[in-house]
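# Structural description and commentary
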Amino acid sequence: MKIALSNDHGGTQLKVIISDYLKKFNYEIINLGTDTIVSVDYPDYAYKVAQLFKKECIDFGILVCGSGIGISIAANRYSHIRAALCNDIKSCELSRLHNDANILVLGGRIIKHNIALQCVDKFLSTEFEGGRHINRIDKLSNPPLL
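This section reports on the structure supplied with the text.

What counts, and at which threshold
- Counting restarts for each chain, with residues numbered from 1 along the sequence as it is written.
- pLDDT decides what is reported in this predicted model: residues at 70 or higher carry local features, side-chain atom pairs at 80 or more are listed and counted, and totals for whole chains, interfaces and linings draw on all residues regardless.
- By convention in this description, side-chain values take in all heavy atoms of the structure and omit both hydrogens and water.
- Here, strands pair whenever DSSP counts at least two bridges between them.
- Every helix listed is a DSSP run of H or I at least four residues long, and every strand listed is a run of E at least two residues long, numbered separately from the N terminus.
- A fitted line through C-alpha atoms serves as each axis, taken over the contacting stretch for helices, and the angle formed by two N-to-C directions is quoted from 0 to 180°.
- By definition in these notes, contact holds between two residues if any of their heavy atoms fall within 4.5 Å.
- Stacked, tilted and edge-to-face are the three classes applied to pairs of Phe, Tyr and Trp rings, where Trp contributes its six-membered ring and a pair requires centres within 6.5 Å; stacked means planes under 30 degrees apart, edge-to-face means over 60, and tilted covers the rest.
- Under the scheme applied here, a residue whose accessible area is under 20% of the maximum for its type counts as buried, over 50% as exposed, and between as partly exposed, the area being computed with a 1.4 Å probe on protein chains only.
- Look down the strands so they point away from you; if the path from the first strand over the helix to the second goes clockwise, the crossover is right-handed.
- One side-chain nitrogen of Lys or Arg within 4 Å of one carboxyl oxygen of Asp or Glu is enough to make a salt bridge.

### As for the sheet that holds strand β2 (residues 28-31)
Within the open sheet, the 5 strands sit side by side as β2-β1-β3-β5-β4. Their pairing is parallel. This sheet does not close on itself; its edge strands, each paired only once, are β2 and β4 (83-85). Each strand axis lies, on average, 25° off the axis of its neighbour in the sheet, ignoring direction. Across 5 bridges, strand β3 (residues 60-65) lies against strand β5 (residues 103-107) in parallel orientation. Residue pairing for β5: glycine 61 is matched across the bridge by isoleucine 103. Contacts between helix α1 (residues 12-23) and the sheet are confined to β1 (2-7), β2, β3 and β5, with β1 contributing the most and set at about 165° to the helix.

Shown next as structure tokens:
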């Protein structure tokens, strides 16, 4: 399974922890984030992951910024992205079951590292439920014109 990890300066530490953790389980990791704490713009790093999804090069993405809010907003600008900002395991599970989220978003300055790793596990191990949720997912990608 190929997973793209991307982050801004506020997510560097957690991104490294997640990357090291996933490598233990033989996931193929594509690092698209910054590796320093020098200030950068989170929309640029969300865009990099969105590009790989568009090209169908990855299975999932994980984005990290300081709060998770900015980078999740940036990622969700793209119609093929369903980025879910999660701070607990249940949210991760529901984001996959009901929303078929393809990107997990975490707040590097918000979530405890052990909880973040549990969230990653739950996100990657939960399958989309389908059924009544399919129509809703289609509406996310093709909203009515304003």
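### With respect to the packing of aromatic side chains
Under the defined criterion, the tally for this structure stands at 3 aromatic pairs. A ring pair is formed by tyrosine 21 and phenylalanine 25, whose centres lie 5.1 Å apart and whose planes are at 65°; its orientation type is edge-to-face. Residue classification places phenylalanine 25 among the partly exposed positions, given a relative accessible area of 48%. Each ring, one from phenylalanine 60 and one from phenylalanine 123, has its centre 5.6 Å from the other, and the planes form 75°; the classification is edge-to-face.

### Comments concerning the pairing of β2
Successive residues of a regular strand alternate their side chains across the two faces of the sheet. Pairing of β1 with β2 involves 4 bridges; the strand directions are parallel. Bridge assignment links isoleucine 3 to a residue of β2, and that residue is isoleucine 29. The parallel pair β1 and β2 is bridged by α1, and the resulting crossover is right-handed.

### Some points on the pattern of salt bridges
Applying the stated criterion across every chain, the model contains 5 salt bridges. Linking lysine 15 and aspartate 35 is a salt bridge whose minimum nitrogen-to-oxygen distance equals 2.8 Å. Within this pair, whereas lysine 15 is found in helix α1, its partner aspartate 35 is found in the loop between β2 and α2 (42-54), the two being separated by 20 residues in sequence. What makes lysine 15 buried here is its relative accessible area of 3%. Classification of aspartate 35 as exposed rests on a relative accessible area of 52%. Where lysine 90 meets glutamate 93, a salt bridge forms, and the shortest distance between an N and an O atom there is 3.2 Å. Highlighted residues: lysine 90 and glutamate 93, both in helix α4 (residues 89-97), separated by 3 residues, approximately one helical turn.

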